[in-house]
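Here are the chains, one letter per residue:
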Amino acid sequence: MNAPALREIDVQDDLESRVPDGPIQTKWERHRFDMKLVNPANKRKYTIIVVGTGLAGGSAAASLGELGYNVLNFCIHDSPRRAHSVAAQGGINAAKNYTNDGDSVWRLFYDTIKGGDFRAREGNVHRLAELSVSIIDQCVAQGVPFARDYGGLLANRSFGGAQVSRTFYARGQTGQQLLLGAYGSLMRQVNSGRVKMFPRREMLDLVLVDGHARGIVCRNLVDGRIESYAADAVVVATGGYSTAYFLSTNAVNSNATAIWRCHKRGAYFANPCFMQIHPTCIPQQGEGQSKLTLMSESLRNDGRIWVPKKAGDARSAQEIPEDDRDYFLERIYPAFGNLVPRDVASRAAKRMCDEGLGVGSTKRAVYLDFADAIGRLGENTVRERYGNLFDMYHEITAENPYRTPMQIYPAPHYTMGGLWVDYNLMSTIPGLHVIGEANFSDHGANRLGASALMQGLADGYFILPYTIGNYLAGVAPGKVSTDHPAFGEAEGATRGRVAKLLSMKGKRTARELHWQLGRVLWDHCGMERSGPGLLSTIEKIRELRAEFWSNVRVEGSGEDLNQALEYAGRVADYFELGELIALDALARDESCGCHLRVEHQSPEGEPIRDDEDFAYVAAWEWKGEGSRHALHRERLAFDNVHLAVRNYK
């Protein structure tokens, strides 16, 4: 760390994960017994705020309501059914081994650690693998229509980073069906009165009383009112932050404001530079786009990825014979082929395009071809497996993927970084629990496909209901109300930010400046990064941030429906977060998973890790406006998995 931007950073090795001692196979079971409990009569005295209604938030709110707690559940949409979890199409992993192909809890644990390039906690990942089995049972009981095989057992398919079939699916609608299962359970609790739903609210601040999370401030997105709510604990489940890149696979409403406000109140932000680039997205069609569309990784089960062997080949895909095609993933990684992990597939596609072998009008795309699968299985079988995904592709591109290959290219997708949490899913702020993609915990430097749904539901259904009780057992219920001065201070700070944004009468829109920020992040902190590029990125982001606060224009008022105001507030947070993303990437002077520093790669373009110096979680502490972040490191120990170079060849 000798770059000028890093010299003055305060670095401390002081983070404790609180993973219990003992054999990894029994850590969670023993920990559940050792935790404090809240008896059923006392649960009714506690109020818990849950922010978010996707798979993590919805399952948590439903589970906590079922246990008897009073739950206040906040939704940025008009209905929880619109949460971005619906976009997770391909499936959910679980180690049930119905296919009898060698899978086990241990293999799922190992594949996830390896897929994350050995930058995740062993204890958390093994717990996730253990709970995967219960998740499927829970969802089947809720009526989730998983696909079944000819014998009636739940069917499985393969996903990247594994040589077994462990992914349960409901055609190409898995996320939607799982969300409907959680939604049904949640609405049952709403009907019982144990969960109170607050739709069309956006969390704008976290309220601390005596250093503990005791409430939130939010904006009513319909009438503009600033509202405060008090509770005995706060759970944040608001997803990831890839929309900082402007174009991503995430919904436009997905944003980082809730977790960033928690960060500025004292919650450490871990591994912000670990940004997953998904290899199978529909390429950008024009400058006016607001988001990119994901084609599920499940398509790589039967689709073959290729480019022409000759640069500049202008023939259509159907005109290029087999001998002139390069199925480059099958060639480079014969053991896994088209099912290599996402970071590996993304970088390989980029290399092909950089070498002039890209296809389509922009030459920044590769083919995903189903001709072999249709010939082998028949079009009806392919339609049964992926029909809705093919229909979506046809609607967007006006091309029929049954007749011509899809065109795909990598794009920002899932964020492995997020607020730091310990084994109990609690942040560095007591009482603030963070679940799902909003935390950093289980995926290391690269998430394997079909693991996001697994983590969100494990956190919400099976982990948080235990661990939040352990915290609440030491808290007297109902001691804080919105009359406390801390709520007035937080509301005042929120109104001040709103007023400042509305006072800006410059010449540029927030969208223009967000587009520029996204371009800078994508070019220099996307699929590959370099020290000089990251240094220039930090300076460029600072310039853009200054431009935002001096020359942005926000129309309308704060006392009304005002989407321009909402958007501008989120973009203001993206500038601060974007700088931290680049700083974290600069400080991690190694390559691992999705984080490829060009200075540390093999001649074949594979990442070269530095386990001696960087086998840690980087958790950043906000030190105030104008001050540098401080770095707190959680050293990672690998007692059960041997550190090794990832090899998918």
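If you're wondering where the values come from, they're calculated on a predicted model, not measured in any experiment. (Residues numbered from 1 in each chain as written. Predicted model: local features only at pLDDT ≥ 70, side-chain atom pairs only at ≥ 80, totals over all residues. Heavy atoms only, no water.)

J.: Help me understand helix H4 (residues 55-67) in this model?
T.: Within an α-helix, residues lying three or four positions from one another point in the same direction, as the helix has 3.6 residues per turn. Helix length check: H4, at 13 residues, gives a terminal C-alpha distance of 18 Å against a target of 18 Å (1.5 Å per residue), a fit within 8%. Here H4 lies mainly inside the structure; eleven of its 13 residues are buried. Taken together, the buried positions of H4 are occupied by Leu55, Ala56, Gly57, Gly58, Ser59, Ala60, Ala61, Ala62, Ser63, Leu64 and Gly65. Its buried side turned inward, H4 meets strand E2 (47-51), strand E3 (70-74), helix H7 (174-192), strand E6 (195-198) and helix H13 (452-472). Glycine 68 occupies a position one or two residues after H4 and carries a positive phi of about 110 degrees. (Helix = DSSP H or I, 4+ residues; strand = E, 2+ residues; numbered from the N terminus. Expected span 1.5 Å × (residues − 1). Buried < 20%, exposed > 50% of the residue type's maximum accessible area, 1.4 Å probe, protein only. Contact = heavy atoms within 4.5 Å.)

J.: Teacher, can you tell me more about the packing of aromatic side chains here?
T.: Describing an aromatic ring pair means giving the distance of the ring centres and the angle of the ring planes. This structure, assessed with the given rule, holds 23 aromatic pairs. Here phenylalanine 336 and tyrosine 648 contribute two aromatic rings whose centre-to-centre distance is 4.8 Å and whose plane-to-plane angle is 85 degrees, an arrangement assigned as edge-to-face. Taken as a pair, phenylalanine 336 in the loop between helix H9 (328-332) and helix H10 (342-354) and tyrosine 648 in the segment after strand E20 (630-635) lie far apart in primary sequence, 312 residues in all. With respect to class, phenylalanine 336 is no different from tyrosine 648; both count as buried. Centroid distance phenylalanine 614 to tyrosine 616: 5.8 Å. Interplanar angle 40 degrees. Geometry classified as tilted. A relative accessible area of 9% means that phenylalanine 614 is categorised as buried. Three or more aromatic residues joined by ring pairs make a cluster, and in this case those are Tyr241, Trp260, Phe269 and Trp622. Positioned over the ring face of tryptophan 549 is lysine 500, at 4.5 Å from the centre of the ring. (Phe/Tyr/Trp six-rings, centres within 6.5 Å; stacked < 30°, edge-to-face > 60°. Lys NZ or Arg CZ within 6 Å of the ring centre and 35° of its normal.)

J.: Sorry if this is basic, but what is going on with the packing of helix H15 (residues 510-525) against helix H16 (residues 531-551) here?
T.: Axis angle and axis distance: for two packed helices, these are the angle between their axes and the distance between the axes, and together they describe the pair. The geometry of H15 relative to H16 is characterised by a closest axis approach of 10 Å and an angle of 175 degrees between their N-to-C directions. Looking at the two axes, H15 sits roughly antiparallel to H16. Taken together, the residues of H16 that come into contact with H15 (itself represented by Ala510, Leu513, Gln516, Leu517, Val520, Leu521, His524 and Cys525) are Gly533, Leu534, Thr537, Lys540, Ile541, Leu544, Glu547 and Phe548. Among the residues forming the contact of H15 with H16, the class breakdown is ten nonpolar, four polar and two charged. (Axes fitted to C-alpha atoms, helices over the stretch in contact; angles between N-to-C directions. Parallel < 35°, antiparallel > 145°, perpendicular 65-115°, else oblique. Nonpolar A, V, L, I, M, F, W, Y, C, P; charged D, E, K, R; others polar.)

J.: Just to check I follow, could you spell out the pairing of E2 for this structure?
T.: Consecutive residues of a regular strand have side chains that alternate between opposite faces of the sheet. The buried fraction of E2 amounts to four of the five residues, a majority that puts the element mostly inside the structure. Taken together, the five bridges between E2 and E3 define a ladder with parallel strand orientation. When the bridges of E3 are listed, isoleucine 49 appears paired with leucine 72. Between the parallel pair E2 and E3, the chain is carried across by H4, and the sense of this crossover is right-handed. Pairing geometry for E2 and strand E10 (residues 233-236), over four bridges, is parallel. Bridged to isoleucine 48 within E10 is alanine 233. (Pairing = 2+ DSSP bridges. Right-handed = clockwise from strand over helix to strand, strands pointing away.)

J.: Would you take a moment to explain the pattern of salt bridges for this structure?
T.: Pairing of side chains with opposite charge becomes possible as their charged atoms draw close. For the coordinates displayed, the defined rule picks out 57 salt bridges. Here aspartate 78 ties to arginine 82 by a salt bridge, and the two come within 3.5 Å at their closest N and O atoms. Measuring nitrogen to oxygen at the nearest pair gives 2.9 Å for the salt bridge that ties aspartate 302 to arginine 385. With a gap of 83 residues between them, aspartate 302 in the loop between strand E12 (275-281) and strand E13 (304-308) and arginine 385 in helix H12 (residues 379-397) connect regions that are remote in the sequence. Via salt bridges that share partners, Asp117, Arg119, Asp343, Arg347, Arg588, Glu590, Arg609, Asp611 and Arg646 belong to a single interconnected network. (Salt bridge = Lys/Arg side-chain N within 4 Å of Asp/Glu carboxyl O.)

J.: Looking at this structure, I do not really get the nonpolar core. What am I missing?
T.: Generally speaking, soluble globular proteins have nonpolar side chains that are buried together. The biggest cluster of nonpolar side chains holds 191 residues, and the ones touching the most others in it are Ile92, Phe328, Leu432 and Phe548. With 15 residues, the top contributor of residues to this core is helix H17 (residues 563-587). When residues of this core are assigned to domains, at least three map to each of domain 1 (278-412) and domain 2 (484-611). If we ignore the near neighbours within four places in the chain, the residues touching phenylalanine 328 are Ile305, Trp306, Val307, Ala348, Ala349, Met352 and Val366. Counting nine residues, the second-largest nonpolar core is a separate cluster that includes Val217, Ile226, Val480 and Ala486. (Core = buried A, V, L, I, M, F, W, Y, C linked by side-chain atoms within 4.5 Å. Domains from an automatic or database assignment.)

J.: Even after reading the chapter, I still don't get the state of the cysteines, so can you show me in this structure?
T.: Such a bond, covalent and formed between the sulfur atoms of two cysteines, is termed a disulfide. For the structure on display, the rule yields zero disulfides. Between cysteine 218, a cysteine without a disulfide, and cysteine 75, which holds the nearest cysteine sulfur, the sulfur-to-sulfur distance is 12 Å. Taking relative accessible area as the criterion, cysteine 218 reaches 0% and is therefore assigned buried. Of all cysteine sulfurs in the structure, the one in cysteine 273 sits closest to cysteine 594, which takes part in no disulfide; the separation is 6.7 Å. Looking at cysteine 594, the relative accessible area reads 4%, which means it is buried. (Disulfide = S-S within 2.5 Å.)

J.: I keep staring at the domain arrangement of the chain and nothing clicks. Help me out?
T.: The extent of an interface is frequently quoted as the accessible surface area lost upon association of the parts. When the domains of the chain are assigned, the result is domain 1 (278-412) and domain 2 (484-611). Between domain 1 and domain 2, the C-alpha centre-to-centre distance is 31 Å. Taken residue by residue, the interface counts 15 residues in domain 1 and 13 residues in domain 2. Here domain 1 meets domain 2 over a buried area of about 990 Å², counting both sides, of which 51% is carbon and sulfur. Of all residues in domain 1, Glu287, Arg347 and Lys350 bury the most surface against domain 2, accounting for 47% of the area lost on that side. The interface formed by domain 1 and domain 2 includes one salt bridge. Its salt-bridge partner being glutamate 528, residue lysine 350 comes within 3.8 Å of it at the nearest N-O pair. Here domain 1 is connected to domain 2 by three residue pairs in polar contact (both at pLDDT 80 or more). Elements with a minimum of two residues in the side of domain 1 that touches domain 2: H10 and strand E16 (406-415). Among the residues making up the side of domain 1 that touches domain 2, the classes are represented as five nonpolar, five polar and five charged. (Buried area = accessible area lost by both parts, 1.4 Å probe. Polar contact = N/O pair within 3.5 Å; in protein donor to acceptor, adjacent residues only side chain to side chain.)

J.: I tried to follow the sheet that holds strand E7 (residues 201-209) on my own but got confused; where do I start?
T.: Note: strands within a sheet are paired through backbone hydrogen bonds, in either parallel or antiparallel orientation. In space, the three strands of this open sheet follow the order E7-E8-E9, with antiparallel pairing throughout. Of all strands in the sheet, those bounded by a partner on one side alone are E7 and strand E9 (226-230). On average, adjacent strands in this sheet sit at an angle of 25 degrees to one another, irrespective of strand direction. Of the strand pairs in this sheet, strand E8 (residues 212-220) and E9 are connected by five bridges, and their pairing is antiparallel. What sits directly across from valine 217, in E9, is serine 228. In the packing of helix H14 (residues 485-503) onto the sheet, the strands contacted are E7, E8 and E9, and the crossing angle to E7 comes to about 140 degrees.

J.: Just to check I follow, could you spell out the sheet that holds E2 for this structure?
T.: Taken together, five strands build an open sheet; the order of strands is E6-E3-E2-E10-E18 and the sheet is parallel. The open sheet has two edge strands with one neighbour each: E6 and strand E18 (432-434). Sheet twist, expressed as the average angle between the axes of neighbouring strands with direction ignored, equals 20 degrees. Of the strands in this sheet, E2, E10 and E18 are in contact with H13, which crosses E10 at around 150 degrees.

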